[in-house]
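An overview of the molecular structure
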Amino acid sequence: MSLKLGVNIDHVATLRQARGTHYPSPVEAARLVMEAGAHGITLHLREDRRHIQDADLPAVQDAVSLPINLEMANSREILGIALKLRPAEACLVPERREELTTEGGLDAAGQFRELEPTVKALRDAGICVSLFIEAAEAQIEAAHRLGVPCIELHTGHYCDASTAEQPAILERLIAMARKAHDAGLRVNAGHGLNVENVGGLLRVPHLDTLNIGHSIVARAVFVGLREAVREMMEAMAGYQGGEP
């Protein structure tokens with residue numbers, strides 16, 4: 001099976017917001033990502049609106065034919081926006097105002113009751129719901145009980161670990177991907193991935209999509225967005241899919 005790439009374009013908007021200009025445009029970025037052959041566009045509408053703005057979501061939806069994955073906190077305000085725009089997918093993530101980026105996975109087990117109505121509302125609207133979670137049995141079991149069709153495994157710990165620490169973390173990702181697949185969940189992964197470390201993730205079975213943003217946008221500064229997307233897709237090309 002081929003491994004799909006979803007490109008997070010949040011940090012194109014970060015650069016725009018740094019100067020309060022109208023450029024660079026997330027819409028133009030989404031078009032270039034599509035032209036490069038990626039399989040989806042991810043945007044995170046944060047409660048503090050530090051990068052993606054409300055108007056970006058419908059504009060990107062109208063500009064490209066790729067499925068849109070909306071990352072969102074379990075927030076009544078953001079839920080209302082998601083229900084109005086109906087992206088192809090909504091990935092529920094933890095969110096704190098003081099963090100630089102999303103730190104760790106959503107505690108689906110500990111926040112089960114709070115998540116239930118949000119998951120139901122999104123599913124009733126025909127939106128594919130995903131949970132961004134740690135590679136942990138309790139979290140996968142909670143995702144399954146919540147009735148979501150998809151999870152996204154948090155790969156940040158693997159990407160940030162030392163060479164000596166990575167094998168154990170990778171084995172946990174492998175085991176939890178198997179568990180999720182056996183439970184009937186579609187398995188995505190993301191956070192901290194770049195062309196240097198993505199190769200290790202190719203050992204994780206049953207992956208459908210990798211969602212990658214910051215490293216692609218950073219690389220685009222030097223080679224352009226189309227080429228940065230193509231480089232990542234080439235680095236992912238050796239994925240074999242299921243169990244050996």
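See the structure printed just above.
The paragraphs below set out a description of the structure included in this document. (Residues numbered from 1 in each chain as written. Predicted model: local features only at pLDDT ≥ 70, side-chain atom pairs only at ≥ 80, totals over all residues. Heavy atoms only, no water.)

1. Quick notes on the sheet that holds strand 5 (residues 128-133)
Applied cut-off: Strands pair, by our definition, only if DSSP identifies at least two bridges between them. The secondary structure listing takes helices from DSSP runs of H or I that are at least 4 residues long and strands from runs of E that are at least 2 residues long, numbered from the N terminus. The angle between two axes is taken between their N-to-C directions and runs from 0 to 180 degrees, where each axis is a line fitted to C-alpha atoms and a helix contributes only its stretch in contact.
Taking strand neighbours around the barrel as the criterion, the 8 strands line up as 1-2-3-4-5-6-7-8 in a closed arrangement whose pairing is parallel. The average angle at which neighbouring strand axes cross in this sheet is 25°, direction not considered. Inspection of the sheet shows strand 2 (residues 40-44) paired to strand 3 (residues 68-72) by 4 bridges, in the parallel sense. Bridging across to strand 3, L43 finds its partner in L70.

2. Regarding the nonpolar core
Applied cut-off: In plain words, nonpolar cores are sets of buried Ala, Val, Leu, Ile, Met, Phe, Trp, Tyr and Cys residues tied together by side-chain atoms within 4.5 Å. Relative accessibility under 20% of the residue-type maximum defines a buried residue, over 50% an exposed one, and the middle range a partly exposed one, all with a 1.4 Å probe and only protein chains included. Contacts: residue pairs with any heavy atoms within 4.5 Å of one another.
In terms of nonpolar packing, the biggest core is built from 78 residues, with I9 and I41 touching the most fellow members. Tallying contributions element by element places helix 8 (residues 166-182) first for this core, with 7 residues. Leaving out residues up to four positions away in the same chain, I9 has contacts with P26, A29, A30, V33, I41, T42, L43, I52 and V60.

3. Considering helix 10 (residues 214-223)
Those residues of helix 10 that fall on the buried side of the exposure criterion are S215, I216, V217 and A220. Against the buried residues of helix 10 lie strand 1 (4-8), helix 1 (10-19), strand 8 (207-212) and helix 11 (225-236). Once helix 10 finishes, G224 follows within two positions and takes phi at roughly 90°, a positive value.

4. Overview of the pairing of strand 5
To keep it simple, the criterion reads: When the strands point away from the viewer and the connection leading from the first strand across the helix to the second strand turns clockwise, the crossover is called right-handed.
Of all 6 residues in strand 5, 5 are buried, a share of seventy percent or more. In this sheet, strand 5 lies alongside strand 4 (residues 89-92) in parallel orientation, the contact comprising 4 bridges. Across the sheet, residue L92 finds its bridge partner in strand 5, namely L131. Two elements, strand 5 and strand 6 (residues 150-154), share 4 bridges in a ladder whose sense is parallel. What sits directly across from I133, in strand 6, is L153. Once the chain exits strand 5 it traverses helix 6 (residues 137-146) before rejoining the sheet at strand 6, and the crossover so formed is right-handed.

5. Here we look at the pattern of salt bridges
To keep it simple, the criterion reads: Criterion for a salt bridge: a side-chain nitrogen of Lys or Arg within 4 Å of a carboxyl oxygen of Asp or Glu.
Evaluated as defined, the whole model comprises 13 salt bridges. Here E89 ties to R186 by a salt bridge, and the two come within 3.2 Å at their closest N and O atoms. Of this pair, E89 sits in strand 4 while R186 sits in strand 7 (residues 186-190), and the two are 97 residues apart along the sequence. By sharing partners, the salt bridges in this structure join K4, E89, R186 and D208 into a single network.

6. Topic: unusual backbone geometry
Residues Y23 and P24 are joined by a peptide bond in cis, for which omega reads -5°. Among the secondary structure elements, P24 is positioned in the loop between helix 1 and helix 2 (26-35). At R49, a residue that is not glycine, the phi angle is positive and equals roughly 55°. For R49, the location among the structural elements is in the loop between strand 2 and helix 3 (56-63). Located in the positive-phi region is H206, a residue other than glycine, with phi close to 70°. Here H206 lies in the loop between helix 9 (198-201) and strand 8. H206 sits in the buried class, given a relative accessible area of 15%.

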